[in-house]
Amino acid sequence: MPALLSVEDVTRRFGGILALDGVSFALEEGQIGGLIGPNGAGKTTAFNVITRLYPADSGRVLFDGENLLRSPAHKVVSHGIARTFQNVALFAHMTVLENVLVGAHARTGFRGEAKAQAEALETLAYLDLAELAHRAAGGLPFGTLKRIELARALVSRPRLLLLDEPAGGLNHEEVDELQGVIRRIRADHSLTVLLVEHHMNLVMSVSDRVHVLNFGRKIAEGTPAEVRANPEVIEAYLGSDDVAEPETTALALEVEGDDGAP
Ligand SMILES: Nc1ncnc2c1ncn2[C@@H]1O[C@H](COP(=O)(O)OP(=O)(O)O)[C@@H](O)[C@H]1O
Ligand SMILES: [Mg+2]
């Protein structure tokens, strides 16, 4: 099957820093791909190149066979690509509904306002945000803001959804919920998802395939089990403090198994 997204030999420098150094990876339609690596590895830069916020110095990004780097940056949404940001980027003074309408308008323009409103409300309901529609976004809890950003991305009906650390700053319960939400949106919208995450339990449980960056280079790719067992990945990343949930599950199980001990 041809890949829906194919990042080919992409390089991006910032001054003397090689944020991406000949990076290649591909995602098949319907896949959830994980993109992991230590802080500064180039994950967000990869998103910024794919969504055309930053130009690449060299390389190609094919989406459905077309080189995205050759088409105008403002066409990214109409190609069917949407994203959320590592640092939530919502309009604080606008209501939740108005924020999500930004995503609806990105697809429909300003024609058919009633339809855009209906779709925005439907998406809010789908993500259990309907009650907050008329509240200002500013001041809502961080986990809620992340979910509103997800609604804004989803309402543009993407084929490819890029999620940049969606679990960052969420509590345990919210991370569990997010896991369900990611699975549900893939199933309900036949989406392809690229997920940047430091929560290993989350990324390893939802990803079909995981790609690992370190200092701008791709050092590994494979199934979650293959990547977890890869010594180079453990050395560069999995053994480091950048990982959000180091073996929490194993610890929890040990504690549970301890009952009855004197
Ligand atoms: N706009 C920018 N200007 C200068 N340097 C940047 C910029 N964006 C990213 N970088 C640098 O590129 C490298 C990769 O950053 P980033 O892609 O944000 O990493 P990650 O998301 O994996 O933590 C880092 O060294 C970072 O400082
Ligand atoms: Mg980042």
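Draft legend 1. Region of interest: the site of ligand 1. All residues adjacent to ligand 1 are F14, I17, A19, G37, N39, G40, A41, G42, K43, T44 and T45. Among the elements of the structure, strand 2 (17-28) and helix 1 (43-50) are those that each provide at least two residues to the shell around ligand 1. When residues of the shell around ligand 1 are assigned to their parent elements, the largest contribution, three residues, is made by helix 1.

Draft legend 2. Broad picture of the domain arrangement of the chain. Here the chain is partitioned into domain 1 (3-80 + 158-256) and domain 2 (90-156). Each of domain 1 and domain 2 has a C-alpha centre, and these two points are 24 Å apart. Taken residue by residue, the interface counts nine residues in domain 1 and nine residues in domain 2. Only helix 2 (76-79) and helix 6 (172-189) provide two or more residues apiece to the side of domain 1 that touches domain 2. A class-by-class count of the residues in the side of domain 1 that touches domain 2 yields six nonpolar, two polar and one charged.

Draft legend 3. Structural context of the sheet that holds strand 7 (residues 160-164). If you trace the six strands from one edge of the open sheet to the other, you get 6-7-8-3-9-10, paired in mixed fashion. In this open sheet, the two strands that pair with only one neighbour each are strand 6 (81-83) and strand 10 (217-222). Sheet twist, expressed as the average angle between the axes of neighbouring strands with direction ignored, equals 20 degrees.

About the thresholds
Residues numbered from 1 in each chain as written. Chains lettered and ligands numbered in written order. Predicted model: local features only at pLDDT ≥ 70, side-chain atom pairs only at ≥ 80, totals over all residues. Near = placed C-beta within 6 Å. Helix = DSSP H or I, 4+ residues; strand = E, 2+ residues; numbered from the N terminus. Domains from an automatic or database assignment. Contact = placed C-beta atoms within 7 Å. Nonpolar A, V, L, I, M, F, W, Y, C, P; charged D, E, K, R; others polar. Pairing = 2+ DSSP bridges. Axes fitted to C-alpha atoms, helices over the stretch in contact; angles between N-to-C directions.

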